[in-house]
Amino acid sequence: MNLPTLRQLQFLVALGETSSFSRAAEACHVTQPTLSAGIKELEDMFGVSLAERESRGATLTHAGKIAAARASALLADAHALVQSVTSAGALFSGPFHLGAIPTIAPFVLPQTVSVLTRCYPDLKLYLTEDRTSRLVDRLRARTLDAAFIALPWDAPGIDTLTLFDDEFLLAAPAGHPLTRKNGLSPEDLKDEDLLLLDDGHCLREHALSVCRLKPGPGREQVSATSLGTLVNMVAGGLGVSLIPRLATDHGLALGPDVALRAFVTPVIGRHIGIAWKAGSPRAAEARELGELVREQLRPHTATAG
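The shown structure was predicted, so the numbers you read here are calculated from the model rather than taken from an experiment.

**Some words on the overall build of the protein chain**
Scanning the protein chain for helices and strands turns up 11 helices and 11 strands. C-alpha atoms of the protein chain, sized along the principal axes, occupy 75 × 50 × 30 Å. Out of the 305 residues belonging to the protein chain, those deemed buried represent 49%. On the protein chain, roughly 14,900 Å² of surface is accessible, and the fraction owed to carbon and sulfur atoms is 52%. Side chains of the protein chain carry 29 positive and 33 negative charges; the gap between the two charge centres is 1 Å.

Given below as structure tokens:
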């Protein structure tokens, strides 16, 4: 009995994810005819149609969706096999897939990459930036080895290591009354237009939680997709916001139109941590990576207790 190759299965999974032969070919780093031929070979092998070819893309058939789901699991197992063998001899050798959420990635990954590539020349590092839920899904699927996320985050089957606390600072337009207030506290924000990240960013929920606020109609209308956009909105006078000290200490541009103030009692908005799949063969590397990052950022942050 003929069996499909891993490459053919990669083609099918990519087609299901992109709904496009051209984009799937680009994701697999092959030409479109090569990918189309691989899908056709699978169809001939299975004796069923796996994809409906349309003028503006492609859609997997019912049989194609079943095959793609099983193929994804097989590819994850194959990936874990490679990881187990390549990591058996030494830490950080071979490919390592690392993720981070958007409010952490720009401020942690540059130093991390620099240290890892200098200390572990045999390491081949792949980086992914995405929201927490999708990173956790990829950890479970074993297509990521570790990810920097904000804690707490309830994720069964995922182990985490808390690295340090991240303080929230008030960001307000220069000259705003709160920038001159003594004894600033989160309660002072209740009557302010609080600018937040879009729904789905965990930083949004952390900001609402520390201020004990619920998203009102005005807050639903004004939101940002990134910390940089959030700062620009503050500079434009649209409201105030909470910005993590991790970002302000490690490269987030503010400009003269934005003033930062710490609260009289430091507001710990979140904990920065590293996560990996429970039982992963690369758990030791994930922990080592977390310790490395904690050491790199320790001069600028309060360590977690």
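So much for the structure itself; the text now carries on.
**Points about the packing of aromatic side chains**
According to the stated counting rule, one finds two aromatic pairs in the structure shown. On the numbers, 5.6 Å between centres and 65° between planes, the contact of Phe 92 with Phe 96 is edge-to-face. Classification of Phe 96 as buried rests on a relative accessible area of 0%. Aromatic side chains Phe 92 and Tyr 120 sit 4.7 Å apart centroid to centroid with 50° between the ring planes, which places their arrangement in the tilted category. Of the two residues, Phe 92 sits in the loop between helix H4 (62–86) and strand E3 (94–100) while Tyr 120 sits in the loop between helix H5 (105–119) and strand E4 (123–129), which places them 28 residues apart along the sequence. With a relative accessible area of 2%, Phe 92 lands in the buried category. Taken together, the aromatic side chains of Phe 92, Phe 96 and Tyr 120 make up a single cluster linked through ring pairs.

**A closer look at the environment of Ala 259**
Tracing the chain through its elements places Ala 259 in strand E10 (residues 258–261). Each C-alpha atom, one on Ala 259 and one on Val 240, is 9.8 Å from the other, the two residues being 19 residues apart in sequence. Not counting residues up to four positions away in its chain, the partners in contact with Ala 259 are Leu 170, Ala 171, Ala 172, Ala 174 and Thr 179.

**Points about the pattern of salt bridges**
In the structure shown here, the tally under the stated rule is 11 salt bridges. Notably, a salt bridge pairs Asp 44 with Lys 40, separated by 2.8 Å at the nearest N-O pair. One end of the pair is Asp 44 and the other is Lys 40, both in helix H3 (residues 32–46) and four residues apart, which spans about a single turn. Taking relative accessible area as the criterion, Asp 44 reaches 52% and is therefore assigned exposed. Residue Lys 40 is classed as partly exposed on the basis of its relative accessible area of 42%. One network of salt bridges, with partners in common, ties together Asp 145, Arg 282 and Glu 285.

**Topic: the nonpolar core**
Core analysis: the biggest nonpolar cluster contains 69 residues, and Phe 148, Leu 289 and Val 293 have the highest contact counts within it. With eight residues, strand E6 (residues 158–173) is the single largest residue contributor to this core. For Leu 289, the contacting residues outside a window of four places in its chain are Phe 92, Phe 96, Leu 98, Thr 112, Leu 116, Phe 148 and Ile 274. Core analysis: the next-biggest nonpolar cluster, separate from the first, contains 17 residues, Phe 11, Ala 14, Ala 51 and Ala 67 among them.

**Comments concerning the side chain of Thr 18**
Relative to the helices and strands, Thr 18 is located in helix H1 (residues 6–18). Within the structure, Thr 18 has its side chain in polar contact with the backbone oxygen of Ala 14 (distance 2.8 Å). A distance of 3.5 Å separates a polar atom in the side chain of Thr 18 from the backbone nitrogen of Ala 24. Those residues in contact with Thr 18, other than ones at most four positions away along the chain, are Arg 23 and Ala 24.

**Side note on the side chain of Arg 282**
Residue position: Arg 282 is located in the loop between strand E11 (267–277) and helix H11 (283–297). Relative accessible area serves as the criterion here: at 0%, Arg 282 is assigned to the buried category.

**Some details on the confidence of the model for the protein chain**
Low pLDDT marks stretches whose predicted atomic positions should not be read closely. Confidence in the prediction for the protein chain averages 87 pLDDT; 90% of positions are at 70 or higher. Here residues 299–305 is a poorly scored stretch, pLDDT under 50, and it has 14 contacts once near neighbours within four places are set aside; other chains count.

Parameters at a glance
- Residues numbered from 1 in each chain as written.
- Predicted model: local features only at pLDDT ≥ 70, side-chain atom pairs only at ≥ 80, totals over all residues.
- Heavy atoms only, no water.
- Helix = DSSP H or I, 4+ residues; strand = E, 2+ residues; numbered from the N terminus.
- Buried < 20%, exposed > 50% of the residue type's maximum accessible area, 1.4 Å probe, protein only.
- Areas by Shrake-Rupley, 256 points an atom, 1.4 Å probe, with all protein chains shown as cover.
- Lys, Arg positive; Asp, Glu negative; His and termini not counted.
- Charge placed at Lys NZ, Arg CZ, Asp CG, Glu CD.
- Phe/Tyr/Trp six-rings, centres within 6.5 Å; stacked < 30°, edge-to-face > 60°.
- Contact = heavy atoms within 4.5 Å.
- Salt bridge = Lys/Arg side-chain N within 4 Å of Asp/Glu carboxyl O.
- Core = buried A, V, L, I, M, F, W, Y, C linked by side-chain atoms within 4.5 Å.
- Polar contact = N/O pair within 3.5 Å; in protein donor to acceptor, adjacent residues only side chain to side chain.
- pLDDT = per-residue confidence, 0-100.

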